[in-house]
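Notes for the structure review
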Amino acid sequence: MSRSEKKRVIFLILLCVALSRALMYLLFGICHGSWNCGLFIQKMNIWDSGWYRMIAEGLYPTQANDALTGQASWAFFPAFPLMVHMIWKMTSIDVNYIAVVLNAFFLCMALYVGCQYIFLTRGNVRQGIGYIYFMTFGAYSFYFSIFYTESLYLFLLTCAYYFMCKGEYLKMGIAGALLSLTRNTGVFFCFVILVHWIKKYQKKQDRNIAGWIKKTVKQDTLVLGTMMVPLGFFSYMTYLKYKTGDAFAFLHVQKAWGRENVGVWKVAKDALFMEFPPSYLGICFCIFIYLLIVLMWKNKRTEEAILPAITLSVAASSSLMSTPRYMVGSFTMILAFTDEWKECTRLNKALICVAAFIFELACVHAWLNGSSLLV
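Here is a short report on the structure shown in this document.

Basis of the calculations
Residues numbered from 1 in each chain as written. Predicted model: local features only at pLDDT ≥ 70, side-chain atom pairs only at ≥ 80, totals over all residues. Heavy atoms only, no water. Disulfide = S-S within 2.5 Å. Axes fitted to C-alpha atoms, helices over the stretch in contact; angles between N-to-C directions. Helix = DSSP H or I, 4+ residues; strand = E, 2+ residues; numbered from the N terminus. Parallel < 35°, antiparallel > 145°, perpendicular 65-115°, else oblique. Contact = heavy atoms within 4.5 Å. Nonpolar A, V, L, I, M, F, W, Y, C, P; charged D, E, K, R; others polar. Salt bridge = Lys/Arg side-chain N within 4 Å of Asp/Glu carboxyl O. Buried < 20%, exposed > 50% of the residue type's maximum accessible area, 1.4 Å probe, protein only. Core = buried A, V, L, I, M, F, W, Y, C linked by side-chain atoms within 4.5 Å. Expected span 1.5 Å × (residues − 1).

In this section: the state of the cysteines. Counting across every chain of the model gives zero disulfides. Here Cys16 is not cross-linked by a disulfide; its sulfur's nearest cysteine counterpart is in Cys108, at 9.8 Å. Unpaired in this structure, Cys286 has its nearest cysteine sulfur neighbour in Cys284, at a distance of 9.5 Å.

Here it is, written out as structure tokens:
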């Protein structure tokens with residue numbers, strides 16, 4: 001991108017992020033008849049935000065937070081709440097406010113790097129505009145403005161993809177290490193790197209596998225960068241071993257919420273006989289995501305398809321409830337959506353934008369009223 005294009009993109013990102021947050025506040029005022037900013041922040045930061053707030057203020061316990069249910073904050077990875085914790089210690093500002101500001105910052109950075117990646121891999125600045133719109137006004141985009149890890153995860157994942165494509169593997173490794181410290185699925189970025197290098201091998205005329213492996217292993221920055229990716233994940237496991245005596249406490253504690261790895265087909269089968277609309281919405285969303293992944297594979301963007309495919313499989317193996325926000329925050333899913341959206345007619349583009357915006361308004365309204373549908 002030229003300097004003038006970068007300036008326009010930055011201005012558009014700041015404008016869209018500011019307007020989207022203003023619209024959420026406006027919807028809150030209309031729904032609750034109050035314009036109290038503190039109440040708005042409180043209403044937005046519910047459900048899992050409480051766990052992140054607990055970590056930010058008191059870090060992790062040695063025993064379960066709730067002795068009766070066995071629920072504990074170990075289930076939530078530390079990168080983002082630790083950032084909030086450090087700023088809170090220095091400023092004493094309410095952690096919810098710190099989280100909201102940080103998330104807005106990380107979202108802006110993620111959108112900017114995302115546009116750079118789109119230009120690098122697709123050479124299409126206009127597609128970047130569509131990407132910015134759907135990430136700020138599209139369905140489930142409100143998650144990027146609350147005390148959840150979505151914004152930081154999106155930023156780090158986008159950076160990891162961008163640096164990988166540019167061949168800056170040490171920067172990729174740093175982003176990857178922080179990614180796996182932000183959420184457990186971040187560790188699967190190792191498979192993205194593997195697929196990326198397999199594609200490079202397939203493009204070579206000389207298909208000498210042994211020679212290719214030797215040449216790859218000799219690339220110090222690539223090997224080091226790849227090995228850095230799971231560092232955050234293993235660091236948290238080491239901490240949990242020291243703190244609780246169980247390195248897999250983040251996994252085992254999921255049973256306290258009634259979540260067990262029973263397999264995708266079992267979850268989908270059970271969802272068909274559960275309450276409407278939560279389970280059916282999850283099934284429809286998973287089918288939609290699966291179709292996007294198939295399209296990415298068909299378009300030979302396998303390195304972009306592999307991570308959401310793994311994430312979808314892991315998330316849907318225990319529950320469909322959190323799947324939508326995991327997938328919206330996985331970067332390449334919205335990217336794949338805009339790949340298809342940019343080929344539509346102007347009328348269809350406009351209709352899709354309006355539909356996504358209305359869906360988002362419905363989501364924000366439900367969230368502000370404490371709906372468990374979006375947890």
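Now, onward.
Closest axis-to-axis distance for the helix α8 (residues 169-182)/helix α9 (residues 189-203) pair is 10 Å, and the angle between their directions is 150°. Between α8 and α9, the interaxial angle falls into the category roughly antiparallel. Between α8 and α9, the contacting residues are Tyr169, Met172 and Leu179 on the first element and Phe189, Ile193, His196, Trp197 and Lys200 on the second. Within the contact of α8 with α9, the residues separate by chemical class into six nonpolar, one polar and one charged.

So, on to unusual backbone geometry. Of note in this structure, Leu59 is not a glycine but carries a positive phi near 60°. Within the secondary structure, Leu59 sits in the loop between α3 (49-58) and α4 (79-91). The backbone of Tyr140 sits at a positive phi, close to 70°, despite the residue not being glycine. Here Tyr140 is to be found in the loop between α6 (125-137) and α7 (150-166).

Now for the environment of Ala315. Tracing the chain through its elements places Ala315 in helix α16 (residues 302-315). Taking C-alpha positions, Ala315 is 8.1 Å from Tyr326, a pair spaced 11 residues apart along the chain. Non-local contacts of Ala315, meaning those with residues more than four positions away in its chain, are made with Thr323 and Tyr326.

Inspection of every chain in the model, using the stated rule, returns nine salt bridges. Across the salt bridge formed by Glu168 and Lys171, the nearest N and O atoms sit 3.2 Å from each other. Glu303 serves as the salt-bridge partner of Lys199, at 2.8 Å between the closest nitrogen and oxygen. Of this pair, Lys199 sits in helix α9 while Glu303 sits in helix α16, and the two are 104 residues apart along the sequence. Of the two residues examined, Lys199 and Glu303, each falls in the buried class. Overlapping salt bridges, with partners in common, bring together Asp48, Glu150, Arg183 and Arg325 in one network.

Moving on, we come to the nonpolar core. Core analysis: the biggest nonpolar cluster contains 115 residues, and Val84, Phe142, Tyr161 and Phe189 have the highest contact counts within it. Per-element accounting of this core gives the leading share, 13 residues, to helix α5 (residues 95-122). Apart from residues lying up to four places away in sequence, Tyr161 is in contact with Tyr117, Phe189, Val192, Glu303, Glu304, Leu307, Phe331 and Thr332.

As a further point, take α9. Between its first and last C-alpha, α9 extends 22 Å over 15 residues, near the 21 Å set by a 1.5 Å rise per residue. Inspection of α9 places Phe189, Val192, Ile193, Val195, His196, Trp197, Lys199 and Tyr201 among the buried residues, and these make up the whole buried set. In this fold, the buried residues of α9 make contact with α7, α8, α10 (209-217), α11 (220-228) and α16.

Here we take up the packing of helix α1 (residues 3-32) against helix α2 (residues 37-44). The interhelical angle for the contact between α1 and α2, taken along N-to-C directions, is 100°, at an axis separation of 10 Å. Taken as axis vectors, α1 and α2 run roughly perpendicular relative to one another. Note on element contacts: α2 touches α1 through Cys37, Leu39, Phe40, Lys43 and Met44, opposite Met24, Tyr25, Phe28 and His32.

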